[in-house]
Amino acid sequence: LLLDNQSPETVRRWAATARTLAPGIEIEATGGITLENVRAYALAGVDFISVGALTHSVKAADIGLEVE
């Protein structure tokens, strides 16, 4: 079950409901997750956390190579 762009409290409630209905379900939280709030999502009871900022908000590095 993918829970996208939800607050940690909403994720906690959905995770509890989902596990009651389907005990073996795997749950992933994504959307708006940062280093500042990742712990709250982890404590909400999910199995996986995706952080899109790792790919879409990365700063480019200016690297050059000269071959002679």
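Residues numbered from 1 in each chain as written. Predicted model: local features only at pLDDT ≥ 70, side-chain atom pairs only at ≥ 80, totals over all residues. Heavy atoms only, no water.

### With respect to the overall build of the protein
Piece 1. Each helix and strand in the protein was counted, giving three helices and three strands.
Piece 2. Reading the secondary structure of the protein in the N-to-C direction produces β-α-β-α-β-α.
Piece 3. Since a compact globule built from 68 residues should have a radius of gyration of about 11 Å, the 17 Å found for the protein marks it as more spread out than a globular shape.
Piece 4. Principal axes of the C-alpha set define a box for the protein whose edges measure 65 × 25 × 15 Å.
Piece 5. For the protein, with 68 residues in total, the buried portion stands at 19%.
Piece 6. In the protein, once contacts between residues fewer than 6 apart in sequence are set aside, the share between residues at least 24 apart is 48%.
Piece 7. Surface exposure of the protein reaches about 5,300 Å², of which carbon and sulfur atoms provide 57%.
Piece 8. Considering the protein, the positive charge centre built from 5 side chains and the negative charge centre built from 9 side chains are found 17 Å apart. (Helix = DSSP H or I, 4+ residues; strand = E, 2+ residues; numbered from the N terminus. Rg over C-alpha atoms; globule rule 2.2 N^0.38 Å. Buried < 20%, exposed > 50% of the residue type's maximum accessible area, 1.4 Å probe, protein only. Contact = heavy atoms within 4.5 Å. Areas by Shrake-Rupley, 256 points an atom, 1.4 Å probe, with all protein chains shown as cover. Lys, Arg positive; Asp, Glu negative; His and termini not counted. Charge placed at Lys NZ, Arg CZ, Asp CG, Glu CD.)

### Focus: the environment of A18
Piece 1. Within the secondary structure layout, A18 lies in helix α1 (residues 8-21).
Piece 2. On the basis of relative accessibility, which here comes to 10%, the residue A18 falls in the buried class.
Piece 3. Along the chain, A18 and R39 lie 21 residues apart, while their C-alpha atoms are 20 Å from each other.
Piece 4. In this structure A18 touches L1, I25 and I27, once residues within four positions along its chain are discounted.

### Here we look at unusual backbone geometry
Piece 1. Even without glycine at this site, N5 takes up a positive phi of about 55°.
Piece 2. For N5, the location among the structural elements is in the loop between β1 (2-4) and α1.

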